[in-house]
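# A structural walkthrough
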Amino acid sequence: FVVSGFLITSLLLSEEQKRGRVSLKLFYARRSLRIFPASYAYLACMSGLWIAGAIQLNARSLWQAVTYTMNYMPRPPWHLGHLWSLSVEEQFYLLWPSTFVFLGRRKASWAAVWVIALAPFTRAIGTFALRGTAYQDVAMFPMVADSLASGCLLAIMRGWLERQRLYVMLFRPVNSLILVALVLLLNRYMGYTVVAAFGNSVINVCLAILVHRSVLRARDSMGRFLNWKPVAAVGVLSYSLYLWQQPFLNRASSLWINSFPWNLLLAAAAAVASYTLLEKPLLRFRRKLRA
């Protein structure tokens, strides 16, 4: 989510700088071409398997997956459960570009600040208000929006931050490793209410700094690793891998397609097929739209 907020806002800033304004119509056209065909193709395949009796779904889960509201569904079926994060992304795409365009860069920045400031209290209230209900651990948009807002704010403040000497010191290898360790430590104790409410905010800041470091120091050893062709290839396939991992990485299943190494090979094969048949042709069309 931090990466997504940073990427989308960077694209909005770039378009604003080059053209003097942001076209919401073209933004949503490009996002629709990027997201909808591949995700609906996956949902069509899962629906076919459900009708054939091969997997267990229900009409509600399928409807929420189609409408990108899966992050409001408690205990979703396995084959659609991972789409909660795609739903969060779609809700972000719906809200943030319009906020950026209609409020302007400065006021949009303050909107992001308020989201970051209020999110820990939203999580804390949700934890107490929903405790004992089916919705206790559901990742509703207000609970996770600060991750996206952190990336948005990073993109807007990037130039100013790079002129701050103390901030840039965090990019040193030892300090970066400390940030990674802090993220892992907080994640380990996420079961505690205080850590769940406020630890996420600290994790978002750490990840934003690490994202910034990766972009700014793209030619150091870590940058060269991230730009290494096999790693970059995984990045190219990341959306298709995200969609198609679920049928093959089911640890509760005893089917051969869920056993190592077949699960990884099949997930990769499905991702390559999705990228080749759907994403790649549409990416070429998106470039024409951008032009």
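In this report, the structure presented in the accompanying data block is examined.

Criteria and thresholds
Residues numbered from 1 in each chain as written. Predicted model: local features only at pLDDT ≥ 70, side-chain atom pairs only at ≥ 80, totals over all residues. Heavy atoms only, no water. Helix = DSSP H or I, 4+ residues; strand = E, 2+ residues; numbered from the N terminus. Rg over C-alpha atoms; globule rule 2.2 N^0.38 Å. Buried < 20%, exposed > 50% of the residue type's maximum accessible area, 1.4 Å probe, protein only. Contact = heavy atoms within 4.5 Å. Lys, Arg positive; Asp, Glu negative; His and termini not counted. Charge placed at Lys NZ, Arg CZ, Asp CG, Glu CD. Expected span 1.5 Å × (residues − 1). Phe/Tyr/Trp six-rings, centres within 6.5 Å; stacked < 30°, edge-to-face > 60°. Patch = residues over 30% accessible without salt bridge, like charges linked within 9 Å, V, L, I, M, F, W, Y side chains within 5 Å. Areas by Shrake-Rupley, 256 points an atom, 1.4 Å probe, with all protein chains shown as cover. Salt bridge = Lys/Arg side-chain N within 4 Å of Asp/Glu carboxyl O. Axes fitted to C-alpha atoms, helices over the stretch in contact; angles between N-to-C directions. Parallel < 35°, antiparallel > 145°, perpendicular 65-115°, else oblique. Core = buried A, V, L, I, M, F, W, Y, C linked by side-chain atoms within 4.5 Å.

Moving on, we come to the overall build of the chain. Secondary structure assignment for the chain yields 13 helices and zero strands. Of the regular secondary structure in the chain, the N- to C-terminal order runs α-α-α-α-α-α-α-α-α-α-α-α-α. Taking 2.2 N^0.38 as the reference for a compact globule, 291 residues should give roughly 19 Å; the C-alpha atoms of the chain span a radius of gyration of 20 Å, in line with that estimate. Principal-axis analysis of the C-alpha atoms gives the chain an extent of 60 × 50 × 40 Å. Relative to its full complement of 291 residues, the chain shows a buried share of 42%. Taking as baseline every contact in the chain between residues at least 6 positions apart, the subset at least 24 positions apart corresponds to 65%. Across the chain, 31 positive and 9 negative side-chain charges occur, with their mean positions spaced 4 Å apart.

Moving on, we get to the environment of Leu 216. Tracing the sequence through the fold places Leu 216 in helix H9 (residues 193-216). Relative accessible area serves as the criterion here: at 34%, Leu 216 is assigned to the partly exposed category. Sequence spacing of Leu 216 and Ser 14 is 202 residues, and the spatial spacing of their C-alpha atoms is 17 Å. Setting aside chain neighbours within four positions, we find Leu 216 in contact with Glu 162 and Phe 171.

Moving on, we get to helix H1 (residues 2-19). Note that an α-helix has 3.6 residues per turn; residues three or four places apart therefore point the same way. Between its first and last C-alpha atoms H1 spans 26 Å; for 18 residues at 1.5 Å apiece the expected length is 26 Å, and the two agree. Among all positions of H1, only Val 2, Ser 4, Gly 5, Phe 6, Ile 8, Thr 9, Leu 12, Leu 13 and Glu 15 are buried. Contacts from the buried residues of H1 go to helix H2 (24-51), helix H5 (84-129), helix H6 (141-161) and H9. Once H1 finishes, Gly 20 follows within two positions and takes phi at roughly 85°, a positive value.

Another aspect to go through is the packing of aromatic side chains. A full pass over the atoms with the stated rule returns 14 aromatic pairs. Measuring from ring centre to ring centre gives 5.7 Å for Phe 36 and Tyr 40, while their planes differ by 40°; the resulting arrangement is tilted. Of this pair, Phe 36 and Tyr 40 both sit in helix H2, four residues apart, which is roughly one turn of that helix. Relative accessible area serves as the criterion here: at 32%, Tyr 40 is assigned to the partly exposed category.

Attention now moves to a nonpolar patch on the surface. Residues Trp 110, Val 113, Trp 114, Leu 118, Phe 121, Ile 125, Val 194 and Phe 198 make up a contiguous nonpolar surface patch of roughly 860 Å² in combined accessible area. Sort the elements by how many residues they give to the nonpolar patch and H5 lands first, with six residues. The class for Ile 125 is exposed, based on a relative accessible area of 57%.

Moving on, we come to the packing of H2 against helix H3 (residues 59-66). For the pair H2 and H3, the least separation of the axes is 11 Å and the interaxial angle reads 170°. Relative to H3, the element H2 lies roughly antiparallel. Of the residues in H3, those in contact with Tyr 40, Leu 43, Ser 47 and Trp 50 of H2 are Ala 59, Leu 62, Ala 65 and Val 66.

Time to look at the pattern of salt bridges. Scanning all chains against the criterion turns up six salt bridges. A salt bridge links Arg 105 to Glu 16, with the nearest nitrogen and oxygen atoms 2.8 Å apart. Of this pair, Arg 105 sits in helix H5 while Glu 16 sits in helix H1, and the two are 89 residues apart along the sequence. Accessibility expressed as a relative area gives 25% for Glu 16, which makes it partly exposed. When the shortest N-O distance is used, the salt bridge between Arg 158 and Glu 162 registers 2.9 Å.

With that settled, the discussion passes to the nonpolar core. Note that soluble globular proteins tend to have their nonpolar side chains buried in a common cluster. With 63 residues, the main nonpolar core has Leu 80, Leu 83, Leu 86, Phe 92, Trp 96 and Leu 243 as its most contacted residues. At twelve residues, the largest contribution of residues to this core is made by H6. In this view, Leu 80 contacts Tyr 42, Leu 43, Met 46, Leu 57, Ser 61, Leu 62, Ala 65 and Met 70; residues no more than four positions away in its chain are not counted.

Let us look at the environment of Trp 244. Mapped onto the fold, Trp 244 is located in helix H12 (residues 238-244). Judged by its relative accessible area of 14%, Trp 244 falls in the buried class. For the pair Trp 244 and Ala 269, spaced 25 residues apart in the sequence, the C-alpha separation amounts to 9.3 Å. Other than its neighbours up to four places away in sequence, Trp 244 contacts Tyr 42, Cys 45, Met 46, Ala 267, Ala 270 and Ser 274.

Quick look at the side chain of Ser 240 now. Here Ser 240 is to be found in helix H12. When near neighbours in sequence (up to four residues on either side) are disregarded, Ser 240 contacts Ala 271, Ser 274, Tyr 275 and Glu 279.

It is worth stressing that arrangement in space is one thing and function is another; only the former is reported here.
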